[in-house]
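Structural overview for review
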Amino acid sequence: MSIDLVQLKQQQVEYAKRIILRDEFNFTIPKLIGGTDVGFEDGGRVTRAAIAVLSYPNLELLDYQLVKMPTTFPYIPGYLSFREYPALVAAWQKITHKPELLFVDGQGTAHPRGLGIASHLGLLLDIPTIGVAKKRLYGQYQPLAELPLSSEPLLNKAAKTQIGYVLRSKAKCNPLFVSAGHRISQLSALNWVLTCLKGYRLPEPTRFADAIASNKPLFKKWLTSKDKS
DNA sequence: GCGACAG
DNA sequence: ATCTTGTCGC
């Protein structure tokens, strides 16, 4: 079984046309916000997908899902979603109280064809999503100020359009690449990330999903404190 | 032709 | 992403 990248590329182009970059949260406040993170085991043969469910505006971890399944697609820059979405969709289906807004680890529209994993997943699940990536995949930007919470537009120079933001989420840390996923505006995506920052480089939904997927102290602490209550 | 390249 | 200890800086 081989991979037809030409066909998948065309699929991305078609899907990208369906992405909605209109804000649906200007007058609606979510009660639940989710975050995703994906990891791998056994040399990449097993995919681990975590979804964290947080309350809003308290941003406390309420629930989570962690699913493992065989990896079916390699990592190819620009085609990350085909590797990670099956496990994420499976985790999503197991969640009882669905978040109304999902922070996805990876790009949204800041992608060569405007369909990063955040946009792709948002379209598949038909929910508002925001792309929060730790590295740049596509786009150019001006030097970013050191001042915390400063940002720069991320641009598609060829098309002369903005595709996201580069955000200094914490002092002396590498910036985040924030872009709209689906059913949200670019500026609103940035504002929601700012709203969910709590003094760490990653916004809370992403930080908890990361802790769950990698079984970090933050998550272990939550598990034990949950036992007692 | 060469370098860049989410996780 | 993952393999991994100490270490530098705030």
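About the cut-offs
Residues numbered from 1 in each chain as written. Chains lettered and ligands numbered in written order. Predicted model: local features only at pLDDT ≥ 70, side-chain atom pairs only at ≥ 80, totals over all residues. Heavy atoms only, no water. Near = heavy atom within 4 Å. Polar contact = N/O pair within 3.5 Å; in protein donor to acceptor, adjacent residues only side chain to side chain. Nonpolar A, V, L, I, M, F, W, Y, C, P; charged D, E, K, R; others polar. Core = buried A, V, L, I, M, F, W, Y, C linked by side-chain atoms within 4.5 Å. Buried < 20%, exposed > 50% of the residue type's maximum accessible area, 1.4 Å probe, protein only. Helix = DSSP H or I, 4+ residues; strand = E, 2+ residues; numbered from the N terminus. UniProt positions renumbered as here; feature names shortened; annotations may be inferred. Contact = heavy atoms within 4.5 Å. Pairing = 2+ DSSP bridges. Axes fitted to C-alpha atoms, helices over the stretch in contact; angles between N-to-C directions. 1 Å grid on protein atoms, 1.4 Å probe; cavity = no way out; pocket = protein on both sides within 12 Å on 5 of 7 lines; lining within 4 Å.

1. Some details on the protein's contact with DNA strand B
- Inspection of the region around DNA strand B gives 18 residues, with Tyr75, Gly78, Leu80, Ile117 and Lys134 positioned closest.
- In DNA strand B, atoms within 4 Å of the protein come 43% from sugar and phosphate.
- One nitrogen or oxygen atom from the side chain of Tyr75 is found 2.4 Å from a phosphate oxygen belonging to DNA strand B.
- Side-chain polar atom of His111 to a base nitrogen of DNA strand B: 3.5 Å apart, as the coordinates give it.
- Classifying every residue of the surface near DNA strand B gives eight nonpolar, five polar and five charged.

2. Details of the protein's contact with DNA strand C
- As a structural note, the neighbourhood of DNA strand C is formed by Gly39, Phe40, Arg48 and Lys172.
- At a separation of 3.5 Å, a phosphate oxygen of DNA strand C approaches a polar backbone atom of Phe40.
- Measuring from a phosphate oxygen of DNA strand C, one finds a side-chain N or O atom of Arg48 at 3.1 Å.
- When the residues that make up the surface near DNA strand C are grouped by side-chain class, the tally is one nonpolar, one polar and two charged.

3. Description of the nonpolar core
- One finds Leu61, Phe103, Ile130 and Trp192 to be the most contacted residues of the largest nonpolar core, which totals 32 residues.
- Elements represented by at least two residues in this core include exactly strand E2 (46-55), strand E4 (101-105), strand E5 (129-133), strand E7 (161-167), strand E8 (176-182), helix H4 (186-195), helix H5 (204-213) and helix H6 (217-228).
- Element by element, the count of residues in this core is highest for H5, at five residues.
- Ranked by size, the runner-up nonpolar core spans 20 residues in total, among them Ala49, Ala91, Val104 and Leu125.

4. Observations concerning the UniProt feature "site: Interaction with target DNA" (unreviewed entry) in chain A
- Feature annotation in UniProt places "site: Interaction with target DNA" (unreviewed entry) on Tyr75, given in this structure's numbering.
- Within the fold, Tyr75 resides in the loop between strand E3 (61-70) and helix H2 (80-94).
- Aside from chain neighbours lying at most four places away, what touches Tyr75 is Leu80 and Arg83.

5. Remarks on the sheet that holds strand E1 (residues 32-41)
- In spatial order, the strands read E3-E2-E1-E4-E5-E8-E7-E6; together these eight strands make up an open sheet with mixed pairing. Two strands bound the open sheet, and with one partner strand each, they are E3 and strand E6 (151-156). Strand-to-strand twist across the sheet, computed as the mean angle between neighbouring axes with direction ignored, equals 25°.
- As paired strands, E7 and E8 are joined by three bridges and run antiparallel to one another. By the bridge assignment, Val166 is partnered in E8 with Phe177.
- Taken strand by strand, H2 contacts E1, E2, E3 and E4, and its axis lies near 135° from that of E3.

6. What about unusual backbone geometry?
- Across the junction of Tyr56 and Pro57, the peptide omega takes the value 10°, indicating a cis bond.
- Locating Pro57 in the fold gives a position in the loop between E2 and E3.
- Its identity is not glycine, yet Asp42 carries a phi of approximately 55°, on the positive side.
- Mapping Asp42 onto the fold places it in the loop between E1 and E2.
- For Lys160, which is not glycine, the phi torsion reads 55° and is therefore positive.

7. Notes on the UniProt feature "binding site: Mg(2+)" (unreviewed entry) in chain A
- Following the UniProt record, the feature "binding site: Mg(2+)" (unreviewed entry) maps to Asp37 and Asp105 here. Maximum C-alpha separation among the annotated residues is 5.8 Å over a sequence range of 69 residues, consistent with a single clustered spot. Checking the annotated residues one by one, the ones that line the largest pocket turn out to be Asp105.
- Here Asp37 lies in strand E1.
- When residues no more than four places from it in sequence are discounted, the contact partners of Asp37 are Arg48, Ala49, Ala50, Asp105, Ala209, Asp210 and Ala213.
- Structurally, the position occupied by Asp105 is in strand E4.
- Here Asp105 is in contact with Thr36, Asp37, Val38, Glu84, Ile117 and Val132, once residues within four sequence places are set aside.

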